[in-house]
Amino acid sequence: MIVGVLALQGDFREHIAATVSCGHSALEVRTAADLAKVDALVVPGGESTTIIHLAELFDLYAPIKSRIAEGLPVYGSCAGMILLADRIVDGKDGQKTFGGIDMTVRRNAFGRQVDSFESDLKFNGQSLHAVFIRAPWVEEVGKEVQVLSEVAGHAVAVRQGNLLATSFHPELTADMAVHTYFFDEICKGR
Ligand code: GLN
């Protein structure tokens, strides 16, 4: 399996390191030709407005949307969660997403950069220490969406089919539970 990591902006290097430490090959994705080679895609944390702008500039927006529609497994952390949401609140005017998960995500929901925090939570029933940096939360989900983690009554990890999203950044900690879940439960058999 070749795992693509969208490498336009944000902490894609940390996701590449996490992917390799889980025993998979990682490919930096910057063009449609790169995207065509991958069996799964990770959308990193960073700044969602910048990532979507660069995706359009690099002619990756439509190809990523169509791979998602075809069932490509995609995991998005933080800005990546925003980019997988069908609906966003507090986006920049006209801010687009790739979409795919039937949910409404509030950008910067936990506050500004100074309100970033760490928290112990359950991910799919397992204890996990999670890092939140100017993080979004999930305000509302459709019936196909499974909530895998919550903090203070807000969903912060969700799955719909082959799409996984977390408000937090498991690529910044040593615990590979979220990446392992993505590779073993969602990408398996590819
Ligand atoms: N607040 C950022 C955004 O809107 C996301 C922050 C992050 O990825 N750490 O894109």
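About the cut-offs
- Note that residues are indexed from 1 along each chain, following the sequence as it is written.
- Residue-level local features of this predicted model are given only where pLDDT is at least 70; pairs of side-chain atoms are given and counted only at 80 or more, and the full residue set underlies all totals for whole chains, interfaces and linings.
- Heavy atoms throughout the structure, all of them, feed into the side-chain values; hydrogens and water do not.
- Burial classes: relative accessible area under 20% of the type maximum marks a residue as buried, over 50% as exposed, and values in between as partly exposed (1.4 Å probe, protein chains only).
- Elements are defined by DSSP. Helices are runs of H or I of four residues or more, strands are runs of E of two residues or more, and each kind is numbered from the N terminus.
- The arc in question is the one traced by the directions running from the helix axis out to the C-beta atoms.
- In what follows, residue pairs with any heavy atoms lying within 4.5 Å of each other are defined as contacts.
- Here, proximity means that at least one heavy atom of the residue falls within 4 Å of the molecule or strand.
- Any N or O atom pair separated by 3.5 Å or less is treated as a polar contact, with the protein-specific requirement of one donor-capable and one acceptor-capable atom, and with residues adjacent in sequence counted only for side-chain atom pairs.
- Accessibility throughout is a Shrake-Rupley quantity obtained with a 1.4 Å probe, and a residue counts as covered only by protein chains that appear here.
- Only Asp, Glu, Lys and Arg are considered charged in this grouping, and only Ala, Val, Leu, Ile, Met, Phe, Trp, Tyr, Cys and Pro are considered nonpolar; every other residue, Gly among them, is considered polar.

Colleague: Let's hear about helix H1 (residues 12-21): which residues, and what values?
Modeller: Listed as buried for H1 are Phe12, His15, Ile16, Ala18 and Thr19. All buried residues of H1 fall inside an arc of 165 degrees around its axis, so they share one side. Residues of H1 that are exposed and angled more than 90 degrees away from the buried face: Arg13 and Ser21. Tucked inside the fold, the buried residues of H1 contact strand S1 (2-6), strand S2 (25-29), strand S3 (40-43), strand S4 (74-77) and helix H6 (177-186). Just beyond H1, the residue with positive phi is Gly23, at close to 90 degrees.

Colleague: For the site of the ligand, give the residues involved together with the corresponding values.
Modeller: In the region of the ligand, the neighbouring residues are Gly45, Gly46, Glu47, Ser48, Cys78, Ala79, Ile82, Arg107, Asn108, Ile133, Arg134 and His169. At 2.9 Å from a nitrogen atom of the ligand is found a main-chain nitrogen or oxygen belonging to Ile133. His169 places a side-chain nitrogen or oxygen 2.9 Å from a nitrogen atom of the ligand. Out of a free accessible area of 300 Å², the ligand has 96% covered by protein chains. Among the residues making up the shell around the ligand, the classes are represented as four nonpolar, five polar and three charged.

Colleague: Can you lay out the side chain of Thr19 for me, pointing to particular residues and giving the numbers?
Modeller: Relative to the assigned elements, Thr19 resides in helix H1. Under the relative-accessibility criterion, Thr19 is labelled buried at 0%. Discounting chain neighbours no more than four positions away, the residues touching Thr19 are Val3, Val5, His24, Ser25, Ala26 and Phe183.

Colleague: I'd like to hear about the environment of Pro44, residue by residue, with values.
Modeller: Note that Pro44 resides in the loop between S3 and helix H3 (48-57). For Pro44, a relative accessible area of 0% gives the class buried. Sequence-wise, Pro44 and Phe123 are 79 residues apart; in three dimensions their C-alpha atoms are separated by 19 Å. In contact with Pro44, not counting residues within four places along its chain, are Leu6, Gln9, Asp11, Phe12, His15, Ile51, Ser77, Ala79 and Gly80.

Colleague: Break down the environment of Gly4 for me, citing the residues and quoting the values.
Modeller: As for its position among the elements, Gly4 is in strand S1. Every residue in contact with Gly4, bar those within four places of it in the chain, is listed here: Leu27, Val29, Val38, Ala40, Leu41 and Val42.

These figures come from the coordinates and say nothing about function on their own.
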